Amino acid sequence: MNRAVAKIVVCPRCLPDEYSLTAVIDEEEKDDILSGELCCRHCGHAYAIREGIAFLNPRPRTPAAHLPRYETDLLLASYIWSHYADLMADPEASTAYREWSALLNNDGGWGLDIGAAVGRFTFEMSRQCDFVIGIDTSVSFIRAARWLLRQRTLSVALPEEGNLQRQVTLQLPTDWSAAAIEFIVADAQALPFKAGIFSQLSSLNLVDKLPQPLAHLTEINRVARRERAQLLFSDPFSWSLEVANEKDWLGGTEAGTYTGFGQDNIKKLLSNPAGPLQPAWKVAEEGSVWWKIRSHRNHYELIRSCFLQAER
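A few points on the structure. (Residues numbered from 1 in each chain as written. Predicted model: local features only at pLDDT ≥ 70, side-chain atom pairs only at ≥ 80, totals over all residues. Heavy atoms only, no water.)

Turning our attention to the pairing of strand 2 (residues 32-40). Most of strand 2 is tucked away, with 8 of its 9 residues classed as buried. Where strand 1 (residues 21-29) lies against strand 2, 8 bridges are found, and the strand directions are antiparallel. Bridge pairing in strand 2 links Glu28 to Ile33. Pairing between strand 2 and strand 3 (residues 46-50): 4 bridges, direction antiparallel. Bridging across to strand 3, Cys39 finds its partner in Ala46. Counted along the chain from strand 2 to the antiparallel partner strand 3, the turn is 5 residues long, and its residue Gly44 has a positive phi close to 85°. (Buried < 20%, exposed > 50% of the residue type's maximum accessible area, 1.4 Å probe, protein only. Helix = DSSP H or I, 4+ residues; strand = E, 2+ residues; numbered from the N terminus. Pairing = 2+ DSSP bridges.)

Put into structure tokens, the structure is as follows:
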């Protein structure tokens, strides 16, 4: 973990109170902490740093015998394809990440890619920010993203049909810098950062995958700068009872607080001058992009992700 990140992290277990974490370093290389702990002097919890990755998820990890869906090799391959297929010159690749990137202005400052998965949009944001952090709860995803960050190349076995696979190698473009990027394991509903740090934030295809969607928006609002901040929010709003109780959805219902469509409700939440997200955001642009994910050579999912680009 980059030492610069260690200076802005707080204990996610103690939120909404912010208590800085103290780095206890066992091994480091230049400004990269390879192993050690981040310790909270308030609650006493220690968060591990292993192989350069800080594990700042406040929730206990699922036992290895019950690995969640987002830790499987098959889903990892699907997401690597989805994020980087255009760099592999795959004719089926989507242009979603380039389209999303074009919606953010080059204003510098710190960037945060929430739900970064295997890191494509974090790399895109790095061309417009002074430093970018990508977070995800999936250890598999973050390991792959950080490997790509350090090695600039990654080989992956793409499923073709049944047990057949095709080995492909991904190479990052030479003009993509790795000097000011970090990836950590963290929870979008308990962001382990000080308030008011980030000038650019993104949440792509994430809010409908969270048990507490409103907590995610509240946390985005807390860590964003109060002035000169940009937010790119995009989601297909595939609400599911397997993920969250219906009362916690931010759309897709006919009764309750957030009736109607998620994109409309989140726009209202962001822009309401008397609402819970203060200071209010101004939605500058809205629309949709087509995002694609691949299961195997004959099976793709084409997903419309509805975006809001907001500023304050």
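Formed by 52 residues in total, the largest nonpolar core has its most connected members in Leu38, Leu56, Leu112, Ile133, Ile135, Phe193 and Ile266. The residues contacting Phe193, other than those within four sequence positions of it, are Ile8, Val9, Val10, Glu18, Leu112, Ile133, Ile135, Ile184, Phe198, Arg222 and Val223. Counting residues in each nonpolar core, the second largest holds 47 residues, with Met88, Leu103, Phe141 and Ala144 among its members. (Core = buried A, V, L, I, M, F, W, Y, C linked by side-chain atoms within 4.5 Å. Contact = heavy atoms within 4.5 Å.)

Empty pockets left among the atoms are what a rolling probe the size of a water molecule brings to light. Roughly 150 Å³ of volume is contained in the second largest pocket. Every residue along the wall of the second largest pocket is listed here: Glu51, Ile53, Arg143, Arg146, Trp147, Arg150 and Gln151. Sort the elements by how many residues they give to the lining of the second largest pocket and helix 5 (residues 139-151) lands first, with 5 residues. (1 Å grid on protein atoms, 1.4 Å probe; cavity = no way out; pocket = protein on both sides within 12 Å on 5 of 7 lines; lining within 4 Å. Points joined across faces, edges and corners; volume = space filled by probe spheres on them.)

Moving on to the sheet that holds strand 4 (residues 53-54). If you walk across this open sheet you meet the 4 strands as 1-2-3-4, and the pairing is antiparallel. The strands lining the two open edges of the sheet, one partner per strand, are strand 1 and strand 4.

That's the geometry; what it means functionally is another story.
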